[in-house]
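Coordinates in review
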Amino acid sequence: MRERTILVTGFEPFTPHKVNPTEELARSVDGVRVGDAVVRGAVLPVHHADAASRVLALLEALHPAVVLHLGLAGGRARIALERVAVNVMDYAVPDNAGCQKADEPCVATGAVAYFATLPLRAILGRLTDAGIPAYLSDTAGTYLCNQTLYTTLHAVAAVPAPPRVGFLHVPLLPSMVAASGLDQASMDIVIMRRAVEIALEVVAGA
Ligand code: PCA
């Protein structure tokens, strides 16, 4: 039997950030074994078209049993387990190609929204039991993170045995807040990494 694959994606930095902790997180789990599955990590471009084409190529190449997307959400204080992806692109800042979408669907003929299919409640319980601040979030925004979750859920909506798909948003790193001089929440990369491991343990066992 073919080994199960878990796809974990992060993103490259985007305006106004110089780093994106999810880039390092995705790279750091590449090749890791969780239960009977092996993790493949990939970093996505913050690009209105290339993020989706890269995700679709990864789905095609890897046939993952689970897809866990990761993204940075400055201003949030806890790990956010995204419950839903909505069919809209409305960027507050341009993407890394300088493109700023407004009021456009992610997929022209797509459903209004899709729910994430990871066992979010179970992951939330394990995270908070481990002392990691986390919550169920009802919006992944309307930028590349929402668009990527939407793209994946739409792509697998009609396949016979779809992967379980979800998205975690992480807060800023302490170093990012220090550099910004702003009064904002942050989380150390070690805690973020533990959160990703816990999420993977839950989904691998599910
Ligand atoms: N966060 C952005 C896009 C890339 C990322 O890491 C978002 O929340 O949409």
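In what follows, the accompanying structure is described. Residue positions within a chain follow its written sequence, with the count starting from 1. Thresholds applied to this predicted model are a pLDDT of at least 70 for local features of residues and 80 or more for the giving and counting of side-chain atom pairs; totals over whole chains, interfaces and linings are not thresholded and use all residues. Hydrogens and water are ignored here; the side-chain numbers use all heavy atoms of the structure.

1. What to know about the pattern of salt bridges
Here a salt bridge means any side-chain nitrogen of Lys or Arg lying within 4 Å of a carboxyl oxygen belonging to Asp or Glu. Summed over all chains, the structure comprises eleven salt bridges. For glutamate 197, the salt bridge identified is with arginine 194, shortest N-O distance 3.0 Å. Highlighted residues: glutamate 197 and arginine 194, both in helix H6 (residues 189–205), separated by three residues, approximately one helical turn. One salt-bridge network, in which partners are shared between bridges, spans Arg126, Arg193, Arg194, Glu197 and Glu201. Each helix is a run of H or I in the DSSP string that is no shorter than four residues. Each strand is a run of E no shorter than two, and both are numbered from the N terminus.

2. What to know about helix H3 (residues 120–129)
Here's how the labels work: a residue is buried when its accessible area is under 20% of the maximum for its type, exposed when over 50%, partly exposed in between, all with a 1.4 Å probe on protein chains only. For H3, every residue scored as buried is listed here: Leu120, Ile123, Leu124 and Leu127. Down the axis of H3, the buried side of the element spans an arc of 100°, and every buried residue falls inside it. Among the exposed residues of H3, those oriented more than 90 degrees off its buried face are Arg121 and Asp129. Contacts are residue-level and defined by heavy atoms, with any inter-residue pair within 4.5 Å sufficient. Each element contacted by the buried residues of H3 is listed here: strand E5 (79–82), strand E8 (134–137) and H6. It is the directions from the helix axis to the C-beta atoms that the arc portrays.

3. Observations concerning the site of the ligand
Around the ligand lies a shell formed by Phe11, Phe14, Asn20, Val46, Gly71, Leu72, Tyr143, Leu144, Cys145 and His169. Polar contacts, as counted here, are pairs of nitrogen or oxygen atoms within 3.5 Å of one another; within protein the pair requires one atom able to donate a hydrogen and one able to accept it, and residues that are adjacent in sequence qualify only if both atoms are side-chain atoms. Asparagine 20 has a polar side-chain atom sitting 2.9 Å from an oxygen atom of the ligand. Within the backbone of leucine 144, one N or O atom sits 3.4 Å away from an oxygen atom of the ligand. Residue exposure ignores everything except the shown protein chains as possible cover, and the areas themselves are Shrake-Rupley values with a 1.4 Å probe. Considered on its own, the ligand offers 260 Å² of accessible surface; in the complex 94% of this is hidden by protein. Mapped by element, the contributors of at least two residues to the shell around the ligand are strand E4 (66–72) and helix H4 (144–156). Throughout, the ten residues Ala, Val, Leu, Ile, Met, Phe, Trp, Tyr, Cys and Pro are labelled nonpolar, Asp, Glu, Lys and Arg are labelled charged, and all others, Gly among them, are labelled polar. Its residues assigned to classes, the shell around the ligand comprises seven nonpolar, three polar and no charged. Think of it this way: one heavy atom of a residue within 4 Å of a molecule or strand is enough to make that residue near it.

Read these as geometric descriptors, not functional statements.
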